[in-house]
Amino acid sequence: MRISQLLLPTEREAPADAQALSHVLGVRAGLVRQLGAGLWTWLPAGWRVHSKITQIIREEIDAIGGQEMLMPVIQPRELWAKTGRDGIDELFSLSDRKGSDLVLAMTHEEAVTFHVSQVVRSYRDLPLILYHFQTKARDEPRPRAGVLRTREFIMKDSYSFDRDQDGLEHSYQLHIQAYDRIFERCGLEWYRVEADVGVMGGSGAHEYMAPCPAGENEVALAPGYATNVEVASATPPPADLPARLDAPAEVETPGAKTIEQVGAALSLPPSALLKAFPVVTDSGRAVMAVVRGDHRVNEFKLRAVLGEQFHPASEEQISDLIGPPGFIGPVATELDVLLDLAVAEQPGGWVCGANRPDLHLLGVEPGRDFDFEAADIRSVEAGDLVDGQPIRIETAIEVGNIFKLGTRYSEPLGAVFLDQDGCEQPIVMGSYGIGPARIAAAAIEQNADEAGIAWPRAIAPWQVELVVLGKPGTAERDAAESLYAELQDAGVDVLFDDRDAGPGEKFTDAELLGCPLRLTIGKRSLESGSLEAQARRGQVELAAVKLGDGTVAAVRELLTTLP
RNA sequence: CGGGGAGUGGCGCAGUCUGGUAGCGCACCCGGCUGGGGGCCGGGCGGUCGCAGGUUCAAAUCCUGUCUCCCCGACCA
């Protein structure tokens, strides 16, 4: 491809509103452009990256027996009513000219299960792995960070259909193999972490996380341990507690409403305090969640323990049900107390609100002074221990997920088969997603430098950018033209900067776009009968390659050494 | 949904407080010079100032409404 004929709108300056690096560089390098909030166009160079990623995914899903197909984005709302997902806020809804209710699919469990339910009759028809690359539409409340969270995006989603749980385990393991290979081939730094299964249940889930600053997720990591902080558990360093008392003692804490203020007023560390977090569930139950003062309530864990969705109690509810906000605690309250394990498992006297204005209690002991149910309801912190090893926490982009669905969709949609004994059984399903756009964004984030993007070779828009210096009609131009033709004939994936522009502009654009290998032909190199080869990153800095019969072979050889 | 910010040429911005011919840099077009890191000179094109009402002799500027976009939070099956 010649840059003179390519739509590659590079920008010297970043879009004013861009924050994330992948957003800034994606726009500056001419890969993507925004059409509206969360709506992004892939320009030719960006689409090449996207296509290379989808091809890698296709090869690896094919390799585990996946069968590619294609299902519509526009779907009958009725289908979604059957699985109870028609009430989701993110679901785009529309109707046609006849008034029929339609939705834009956010995923394709309903559609694929509908078809499988019609076609699969016998255990002999199973197992199956079906997949497609298709646009997903989600009315996100807040799209952000360029292509990282959009309202319309392409996803590879595959679905496994098995006779039983063992079959699902096998399909799940196959996907782990394929996914590990996909992210490795794409050149990402990645982790496979244990994930939350959500309110809809399911028997297991993992997420693939690519660490980078723009990520929306946090993962807890230790040697041999990788888990989404949403579900991570670890042992905290013990709290620094004062001497125990025979009974709780009131202490005046005027105006001290926060953990910090109370700790300062009493000269105690935050860990000696109890933090009360009253919540009201969707069914109307009020519960007081209690964690250590230096810990935070984990809403995913709490939701799992409560078994339903909840929201924090309002100030009015706290005043009505418990006491003055800022001075509440688990002693002598009407509410059920859910006590975090970190507190429940460490004997001693704690400090908590007295449920009266400007008063706290010292020496409060769970069990002696209040009844409780114990559960792990806190978020892990950096430095907590797993198997004796301290964990660290990194932000990351979720680039893929795998999920054991079970019969969540097969039952409402009647996807059943007859087993060997002639008994009707629900098909056991799994679903597996990957966002190619997020892989591209993560690759940018993980590999960029001050000059721009530095693509991993496997997903670069072009393997080689050939830069010619000097004005049209010169010997440099002739040499570059013939090398370009030779590289193309040899099947090398090459972008040719043949523009009538200065060297500064060409080099700067090349570094911004980030192809792994840059070849330069100019007067200087030509005089020595060679061209210059420069790696965008990695060990090969700058090398001279002789121009002649062996040039193409030498370039190919050089490419294989690049990351 | 809550909080904050922004809409002026393709991009980045000034002008708005204090109403009076719509500006700057880059990009773009033409000519010339230059040719190994966004170079130089000259000449040009391009904007209903997000939209709709209102006030006024006069509105980018003041008032009312509305739309859009961004950031933080909530949310994220």
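Draft legend 1. Structural context of the sheet that holds strand β31 (residues 542-546). Read from one edge to the other, the open sheet built from five strands follows the order β28-β27-β29-β30-β31, with strand pairing classed as mixed. In the strand order of this sheet, the two ends are held by β28 (494-497) and β31, each with one partner. Strand-to-strand, the axes of this sheet are offset by a mean angle of 25 degrees, without reference to chain direction. Here five bridges tie strand β27 (residues 464-468) to strand β29 (residues 517-521), and the two strands are oriented parallel to one another. Residue pairing for β29: Val464 is matched across the bridge by Leu517. Its contacts with the sheet put helix α12 (residues 503-513) on β27, β28 and β29, and the angle it makes with β27 is roughly 175 degrees.

Draft legend 2. Here's a closer look at the pattern of salt bridges. Summed over the entire model, instances satisfying the criterion amount to 33 salt bridges. The residue Asp493 makes a salt bridge to Lys52 at a minimum N-O spacing of 2.4 Å. In this pair, Asp493 is assigned in the loop between α11 (475-489) and β28 and Lys52 in helix α2 (residues 44-63), connecting sequence segments 441 residues apart. Between Arg518 and Glu511 there is a salt bridge; the shortest N-O distance is 3.0 Å.

Draft legend 3. Structural detail: the packing of aromatic side chains. Counted by the stated rule, this structure contains nine aromatic pairs. Ring geometry for Tyr131 against Phe133: centres 6.0 Å apart, planes inclined by 75 degrees, an arrangement best described as edge-to-face. In this structure, Tyr131 and Phe133 share a single accessibility class: buried. Each member of the aromatic cluster is reached from another via a ring pair, and the members are Tyr179, Phe183, Trp190 and Tyr208. In this structure, Lys404 packs its charged tip against the face of Tyr172, placed 4.6 Å from the ring centre. A cation over a ring is seen here: Arg408 above Tyr409, with NZ or CZ 4.7 Å from the ring centre.

Draft legend 4. Broad picture of the packing of α2 against helix α10 (residues 436-447). In the contact formed by α2 and α10, the axes pass within 9 Å of each other and the chain directions differ by 115 degrees. The hand of the α2/α10 crossing is right-handed. Residues Val49, His50, Ile53, Thr54 and Ile57 of α2 form the contact with α10, whose own contacting residues are Pro436, Ala437, Ile439 and Ala440. Here the residues of the contact of α2 with α10 sort into seven nonpolar, two polar and no charged.

Draft legend 5. Main features of helix α4 (residues 109-119). Looking only at α4, the buried set comprises Glu109, Glu110, Ala111, Val112, Thr113, Val116 and Ser117. Buried residues in α4 make contact with β4 (74-76), α3 (77-82), β7 (128-137), β8 (152-162), β23 (392-406) and β26 (428-434).

Draft legend 6. Region of the structure containing the protein's contact with RNA strand B. Near RNA strand B lie 37 residues; those nearest to it are Arg142, Arg149, Glu505, Glu511 and Glu532. The protein-proximal atoms of RNA strand B, defined as those within 4 Å of the protein, are 49% sugar or phosphate. At 3.1 Å from a sugar or linking oxygen of RNA strand B is found a side-chain nitrogen or oxygen belonging to Glu13. Between RNA strand B and Ala37 there is a distance of 3.0 Å, counted from a phosphate oxygen to a backbone nitrogen or oxygen. Breaking the surface near RNA strand B down by element, the ones donating at least two residues are α12 and α13 (523-527). At seven residues, α12 tops the list of elements feeding residues into the surface near RNA strand B. Per-class residue counts for the surface near RNA strand B are 13 nonpolar, seven polar and 17 charged.

Draft legend 7. Quick peek at the confidence of the model for chain A. Mean pLDDT over chain A works out to 88, with 98% of the residues at or above the 70 mark. No element of chain A has a lower mean pLDDT than helix α8 (residues 315-321), which averages 74, and none a higher one than strand β3 (residues 67-68), which averages 97. Taken together, the chains of this predicted complex give a pTM of 0.88 and an interface ipTM of 0.88.

Definitions and limits used
Residues numbered from 1 in each chain as written. Chains lettered and ligands numbered in written order. Predicted model: local features only at pLDDT ≥ 70, side-chain atom pairs only at ≥ 80, totals over all residues. Heavy atoms only, no water. Pairing = 2+ DSSP bridges. Helix = DSSP H or I, 4+ residues; strand = E, 2+ residues; numbered from the N terminus. Axes fitted to C-alpha atoms, helices over the stretch in contact; angles between N-to-C directions. Contact = heavy atoms within 4.5 Å. Salt bridge = Lys/Arg side-chain N within 4 Å of Asp/Glu carboxyl O. Phe/Tyr/Trp six-rings, centres within 6.5 Å; stacked < 30°, edge-to-face > 60°. Buried < 20%, exposed > 50% of the residue type's maximum accessible area, 1.4 Å probe, protein only. Lys NZ or Arg CZ within 6 Å of the ring centre and 35° of its normal. Left-handed = near helix turned anticlockwise from the far one by under 90°. Nonpolar A, V, L, I, M, F, W, Y, C, P; charged D, E, K, R; others polar. Near = heavy atom within 4 Å. Polar contact = N/O pair within 3.5 Å; in protein donor to acceptor, adjacent residues only side chain to side chain. pLDDT = per-residue confidence, 0-100.

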